[in-house]
Amino acid sequence: MKKNGGPSRQASIHRATKETDIRVEWTLDGSGQGTIDTSIRFFDHMLELLARHGFFDLTVKAKGDIDIDEHHTVEDVGIVMGKALHQALGEKGGIKRFGFASAPLDETLAQVTVDLSGRPFLVYNVNLPDRKIKSFDLGLFEDFFQAFVTHGGLNLHVNLLYGRNPHHIMEAIFKGLAKALDQATTVEERLAGHVLSTKGTL
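If you're wondering where the values come from, they're calculated on a predicted model, not measured in any experiment. (Residues numbered from 1 in each chain as written. Predicted model: local features only at pLDDT ≥ 70, side-chain atom pairs only at ≥ 80, totals over all residues. Heavy atoms only, no water.)

Take the layout of surface pockets next. Approximately 160 Å³ is the volume found for the largest pocket. Lining the largest pocket, in full, are I40, R41, F42, E70, I133, K134, S135 and F136. In terms of residue class, the lining of the largest pocket is built from four nonpolar, one polar and three charged. (1 Å grid on protein atoms, 1.4 Å probe; cavity = no way out; pocket = protein on both sides within 12 Å on 5 of 7 lines; lining within 4 Å. Points joined across faces, edges and corners; volume = space filled by probe spheres on them. Nonpolar A, V, L, I, M, F, W, Y, C, P; charged D, E, K, R; others polar.)

Counting buried positions along strand β6 (residues 108-115) gives six out of eight residues, so the element sits mostly inside the fold. Two elements, strand β5 (residues 98-105) and β6, share eight bridges in a ladder whose sense is antiparallel. What sits directly across from F98, in β6, is D115. Hairpin connection between β5 and β6: a loop of two residues separates the two successive antiparallel strands, and D106 in this loop has a positive phi of roughly 55°. Of the strand pairs in this sheet, β6 and strand β10 (residues 155-162) are connected by seven bridges, and their pairing is antiparallel. Looking at β10, one finds that V112 is bridged to V158. (Buried < 20%, exposed > 50% of the residue type's maximum accessible area, 1.4 Å probe, protein only. Helix = DSSP H or I, 4+ residues; strand = E, 2+ residues; numbered from the N terminus. Pairing = 2+ DSSP bridges.)

Okay, the sheet that holds strand β1 (residues 10-16) next. Sheets are built from strands paired through backbone hydrogen bonds, the pairs being either parallel or antiparallel. Strand order in the open sheet formed by four strands is β1-β2-β4-β3, with mixed pairing between adjacent strands. If you trace the sheet from one side to the other, it starts and ends with β1 and β3 (34-37), each paired once. The mean angle between the axes of side-by-side strands here comes to 5°, regardless of whether they run parallel or antiparallel. In the sheet, strand β2 (residues 20-27) pairs with strand β4 (residues 57-64) via eight bridges, with the strands oriented antiparallel. The partner of D21 across the bridge, within β4, is K63. With respect to the sheet, helix α1 (residues 41-54) is in contact with β3 and β4, its orientation differing from that of β3 by roughly 165°. (Axes fitted to C-alpha atoms, helices over the stretch in contact; angles between N-to-C directions. Contact = heavy atoms within 4.5 Å.)

We now examine the pattern of salt bridges. Scanning the model with the defined rule gives eight salt bridges in all. For R15, the salt bridge is made with D76, and the minimal N-O distance between the two is 3.3 Å. Of the two residues, R15 sits in strand β1 while D76 sits in helix α2 (residues 71-89), which places them 61 residues apart along the sequence. The exposure class assigned to R15 is partly exposed, which follows from its relative accessible area of 25%. Among the salt bridges present, the one from R131 reaches D137, with a minimum N-O distance of 3.0 Å. Within this structure, R41, D44 and E48 form a network of salt bridges that share partners. (Salt bridge = Lys/Arg side-chain N within 4 Å of Asp/Glu carboxyl O.)

Next comes the structure, spelled out in structure tokens:
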């Protein structure tokens, strides 16, 4: 149930292609339970952080052609998660819409800003000192975020202020995203179910 006692805001999306088979279930008003299996363990870890710190109940099951590389799987998970977020939000009545978080992790500080505006746009200012965690290319996260914003209909700005350790950098970013999305999806009772826009729609 929503925090205001209304109907649950959740979505279940399945997408299968010749390259990937992905199922995402997303409950916005959850308790932070993440069940993630993409066969890419570092990616799993980041999505688990998103669920836990955003208080989302998130299930992601993905099979892909990772014998080629991880690109199709990472990008397509972004597509399906974006569609799930869009569906779970419905008409977006009553949500705060905007979210911002500044997330530190040891020597790293990342800032993430979200607007659930319906206008897809990604700004990604992340300079990684090392692009690899084991064999996984951290540059693929930009492709994930691009797919996520395109299909979720949100404006997302990710700014790394500073950081040295690539694991810390990506973890701070995903924790920041979790907190910003938690804020943006929260229902504001003062809106009385209306959309936070002078246009009357998002």
